Every structure is written in C-alpha cells, then in structure tokens.
Amino acid sequence: MPDGTSKSDLYDLLSDLRGDLKAVQEALSDQEPESLLTRSEAADRLRISTRTLDDMADAGEIQPVRIRGRVLYAPETLQAYIRRRAGEGR
C-alpha cells in the first residue's frame, strides 16, 4: 500500500464514501422536479404569445410533452432553447 495506508484503512474510507454518496442520493431524491408548464405558462416565461409558441413547436424549434391530448413544456426545454438562441447571437 502507498504511504503506509493499510487495506483496512482503505475499506473504512470506501465505506465512508459509500455512506456519503447514499446521503447525497437521498437528499437529491427528496427534491421534487419542477412541474411541467402549460402552453400559457411556457409562453409567459418566454414572453411570447401561445400562437408563437405553437408555431415554434410546429417548426421543431422547441419540443412539447404531450400527455393525453394536453400540450405541456418542461422548464428545462425552455432553458435549453434560450441557451441555444443566446449562442446563435455570438
């Protein structure tokens, strides 16, 4: 073992790391993901009309989530769209 570290010390360290990892995973799983947005909410976040949002979805610029006939948008999708558009302006 390098620098005088024993196998027992390494197993203890690994055990501690596993415990820390489990605590982080539990903390993350307790967080609720941000809810899906309606067309109106998504349009409001982008400061555009719902018609413009529909046109963007039809053109494939932004991807809605369809659930039993409802058209919803993930906040992450809106953020990704904004980042892409911001990158185009460079």
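Data block above holds the structure.
Residues numbered from 1 in each chain as written. Predicted model: local features only at pLDDT ≥ 70, side-chain atom pairs only at ≥ 80, totals over all residues. Heavy atoms only, no water.

1. A look at unusual backbone geometry
What counts, and what does not: A helix here means a DSSP run of H or I that spans at least four residues, while a strand means a run of E at least two residues long, and both kinds are numbered starting from the N terminus. The classification of residues rests on relative accessible area computed with a 1.4 Å probe and restricted to protein chains. Under 20% of the type maximum is buried, over 50% is exposed, and intermediate values are partly exposed.
Within the chain, Arg-47 stands out as a residue other than glycine whose phi angle is a positive 60°. Locating Arg-47 in the fold gives a position in the loop between α2 (39-46) and α3 (50-58). Taking the relative accessible area as the measure of exposure, Arg-47 reaches 72% and is therefore exposed. Non-glycine residue Arg-68 carries a positive phi angle of around 45°. Checked against the element boundaries, Arg-68 lands in the loop between β2 (65-67) and β3 (70-73).

2. Some words on the pattern of salt bridges
To be explicit about the condition: A carboxyl oxygen of Asp or Glu within 4 Å of a side-chain nitrogen of Lys or Arg is what we treat as a salt bridge.
Tallying each qualifying case throughout the model produces 3 salt bridges. The shortest N-O distance in the salt bridge between Asp-54 and Arg-51 comes to 4.0 Å. Residue Asp-54 and its partner Arg-51 are located together in helix α3, separated by 3 residues, close to a single helical turn. Owing to a relative accessible area of 17%, Asp-54 belongs among the buried residues under this scheme. Relative accessible area serves as the criterion here: at 49%, Arg-51 is assigned to the partly exposed category. A salt bridge links Asp-55 to Arg-51, with the nearest nitrogen and oxygen atoms 2.5 Å apart. Of this pair, Asp-55 and Arg-51 both sit in helix α3, separated by 4 residues, roughly a single helical turn. For Asp-55, a relative accessible area of 37% translates into the label partly exposed. Overlapping salt bridges, with partners in common, bring together Arg-39, Arg-51, Asp-54 and Asp-55 in one network.

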